[in-house]
Structure formats: C-alpha cells, structure tokens
Amino acid sequence: GQSLEQPSEVTAVEGAIVQINCTYQTSGFYGLSWYQQHDGGAPTFLSYNALDGLEETGRFSSFLSRSDSYGYLLLQELQMKDSASYFCAVRDLNQAGTALIFGKGTTLSVSS
Amino acid sequence: GAVVSQHPSWVICKSGTSVKIECRSLDFQATTMFWYRQFPKQSLMLMATSNEGSKATYEQGVEKDKFLINHASLTLSTLTVTSAHPEDSSFYICSARVTGGSYEQYFGPGTRLTVT
C-alpha cells in the first residue's frame, strides 16, 4: 500500500515563493512526480524526481530526499495563473504493473 | 507528441442507463492505459489498469461489473459505466503509457459525467 500527505491549502501573493511538501509511504519507490491541475482540467506533468536532490524547471523546482520519504515542489515568482491544485504522486507496483497514485492535492491560491 | 484524447468531454445521462467513454492515444501506441475518477475537490483515484488484449485489473473497491473496461487496440480503451446512478457522477480521466517507453503517463482531458 501507499499513502501520500500534503497540505490541503496554501495561499500566497504574486511574486512570492511557495513550497508544497509531500511525505510518502510506499512498499516500493519508483520516483516522485508533481502535477498541476486547474479547475475542470486534466492534470499536467510538472516534474519527476527519481534520485535525491533538486530538479529545476524554470520557475518550478522539485526536491526529493529518499531517506526521509519526503519531497517538495517550490514555485517561485508566483503568478495569478499558478492558482491551481498541485498533486504529488508515486508509482505503485501492483499486479498490473505500475500506476501513478496521487496525494490528496494542495490548493494554491495566489492573490494580487 | 504523446497526446491523449477522450470522448465525450462531458455527458449527461439518466439514472439506469449506460455510458461509454473513449480514450485514445493519438500519436503513439499504448499497451497500458489507466482510468481514474475524481470527485469535486478531491484527488484522482485509480480505478483500473488496462493492458491491450487482456482483462483490466481493478483497484480494490471498484466494481468490475459496473465499470466495464475494454482495451481492444493499442490506441483505444473504453470505459462503460453501466446502470449509472447519481453517485457515479464524477470526472473520469484516462491516462496512457507509451509502449516500450518510460513509465511516464500522459493524461487525457477528462470526461465529466452527470447522472440525473
């Protein structure tokens, strides 16, 4: 089995920096992913960490510590359009192979 | 590349009827596809994994006789919600993995089902 914990809500102002944490428990670990989802839309891939350390992609960065079963998504220079739900996800190995299992999601509200 | 489409994007049906949702990989072959369900303000919950040419593997608590999944080709998987009830109203999202590729999953735009 697996479980992922992340804060339910985060608020910030434009231009600020926000960190969304994710702790996970899995029977096997195949990497930590982050997805963004706007209301009514499909989840879109943001980043993936298989190894410890920081991955940077533009304004977004993601960090992983496998020894701590912990990761975070860092959003810099926040913009109004970043208001969305953010999900961390791990791959779970089941009898069908591996599939992404999502955390409950963090709703980010960016205000001006 | 790696585009996944779903049809329809939204559907309203009466209680007791069945609804079929299609998921297509447009520019790649997908041996494995996944179906997720998402209720408002909640997470994506994996319903089942389908592999082309074989029976789908359902997650615990998902009724296989109610949610029929067919993955008859490398580019098409269908989810049929049989005898739909209002509690089946949800956002259904499919995802596909490139055959022979990495474990990355590409998501469709979702189908919003409303059962009246």
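Counting of residues starts from 1 at the beginning of each chain's written sequence and follows it residue by residue. Here every chain gets a letter starting at A, and every ligand a number starting at 1, in the order they are written. Given that this is a predicted model, residues contribute local features only at a pLDDT of at least 70 and side-chain atom pairs are listed and counted only at 80 or more, while totals for whole chains, interfaces and linings are drawn from all residues. Note that the side-chain values use all heavy atoms of the structure and ignore hydrogens as well as water.

K.L.:
Can you lay out the overall build of chain A for me, pointing to particular residues and giving the numbers?
P.N.:
Secondary structure is summarised from DSSP: a helix means a run of H or I of at least four residues, a strand means a run of E of at least two, and numbering begins at the N terminus for each. When helices and strands are counted, chain A shows 0 helices and 11 strands. Taken from the N to the C terminus, the helices and strands of chain A come in the order β-β-β-β-β-β-β-β-β-β-β. Radius of gyration here uses only the C-alpha atoms, and the compact-globule reference equals 2.2 Å multiplied by the residue count raised to the power 0.38. In terms of overall size, chain A behaves like a compact globule, its C-alpha atoms giving a radius of gyration of 14 Å where 112 residues would be expected to give roughly 13 Å. Along the first, second and third principal axes, the C-alpha atoms of chain A reach 45 × 30 × 20 Å. The rule is simple: take the accessible area with a 1.4 Å probe, protein chains only, and divide by the maximum for that residue type; under 20% is buried, over 50% is exposed, in between is partly exposed. The 112 residues of chain A split such that 48% are buried.

K.L.:
How would you explain the overall build of chain B if you had to name every residue and give the values?
P.N.:
When helices and strands are counted, chain B shows 0 helices and 11 strands. When the helices and strands of chain B are listed from N to C terminus, the series reads β-β-β-β-β-β-β-β-β-β-β. For 116 residues, the compact-globule estimate of 2.2 N^0.38 gives 13 Å, and chain B sits close to it at 13 Å. The principal-axis extent of the C-alpha atoms belonging to chain B is close to 40 × 25 × 20 Å. Looking at chain B as a whole, 49% of its 116 residues qualify as buried. Note on contacts: a residue pair is in contact if any heavy atoms of the two residues lie within 4.5 Å. Pairs at least 24 residues apart make up 55% of the contacts formed inside chain B by residues separated by at least 6 positions. Accessible areas in this description were obtained via Shrake-Rupley with a 1.4 Å probe; residue shielding takes into account the shown protein chains only. Here chain B has roughly 5600 Å² of accessible surface; of this, 53% comes from carbon and sulfur atoms.

K.L.:
How would you explain the pairing of strand 3 (residues 18–26) of chain A if you had to name every residue and give the values?
P.N.:
The pairing of strand 1 (residues 2–5) of chain A with strand 3 of chain A spans 4 bridges and is antiparallel. From the neighbouring strand, A:Gln2 faces strand 3 of chain A, where its bridge partner is A:Thr26. Pairing between strands is defined by DSSP: at least two bridges between them are needed.

K.L.:
Report on the confidence of the model for chain A, specifying residues and quantitative values.
P.N.:
The predictor attaches a confidence to each residue, and that confidence, scored 0 to 100, is pLDDT. Averaged over every residue, the pLDDT of chain A is 93; the share at 70 or more is 96%. Considering each helix and strand of chain A separately, the mean pLDDT is smallest for strand 10 (residues 97–102) of chain A, with a value of 85, and largest for strand 8 (residues 70–75) of chain A, with 98.

K.L.:
I'd like a description of the environment of B:Trp10, backed by residues and values.
P.N.:
All names here are of chain B. Position of Trp10 relative to the elements: it lies in strand 2 (residues 10–13). For the pair Trp10 and Arg112, spaced 102 residues apart in the sequence, the C-alpha separation amounts to 4.5 Å. Other than its neighbours up to four places away in sequence, Trp10 contacts Thr111 and Arg112.

K.L.:
Can you explain the sheet that holds strand 1 (residues 4–7) of chain B? Please cite residues and give values.
P.N.:
Residues and elements named next belong to chain B. A sheet is described by the order of its strands in space; here 4 strands give the open sequence 1-3-8-7, paired in antiparallel fashion. Whereas interior strands pair on both sides, the edge strands pair on one side only; in this sheet they are strand 1 and strand 7 (67–73). In this sheet, adjacent strand axes meet at a mean angle of 15 degrees when their direction is disregarded. To get an axis, a line is fitted to the C-alpha atoms, and for a helix only the part in contact is used. The angle between two axes follows their N-to-C directions and goes from 0 to 180 degrees.

K.L.:
Give me the lowdown on the sheet that holds strand 7 (residues 60–65) of chain A, citing residues and values where you can.
P.N.:
All names here are of chain A. Here we have 5 strands laid out as an open sheet, ordered 1-3-8-7-6, and antiparallel in their pairing. What marks the edges here is a single partner per strand, and that holds for strand 1 and strand 6 (53–57). The mean angle between the axes of side-by-side strands here comes to 15 degrees, regardless of whether they run parallel or antiparallel. As paired elements, strand 7 and strand 8 share 6 bridges and run antiparallel to each other. Across the sheet, Phe60 pairs through a bridge with Leu75, a residue of strand 8.

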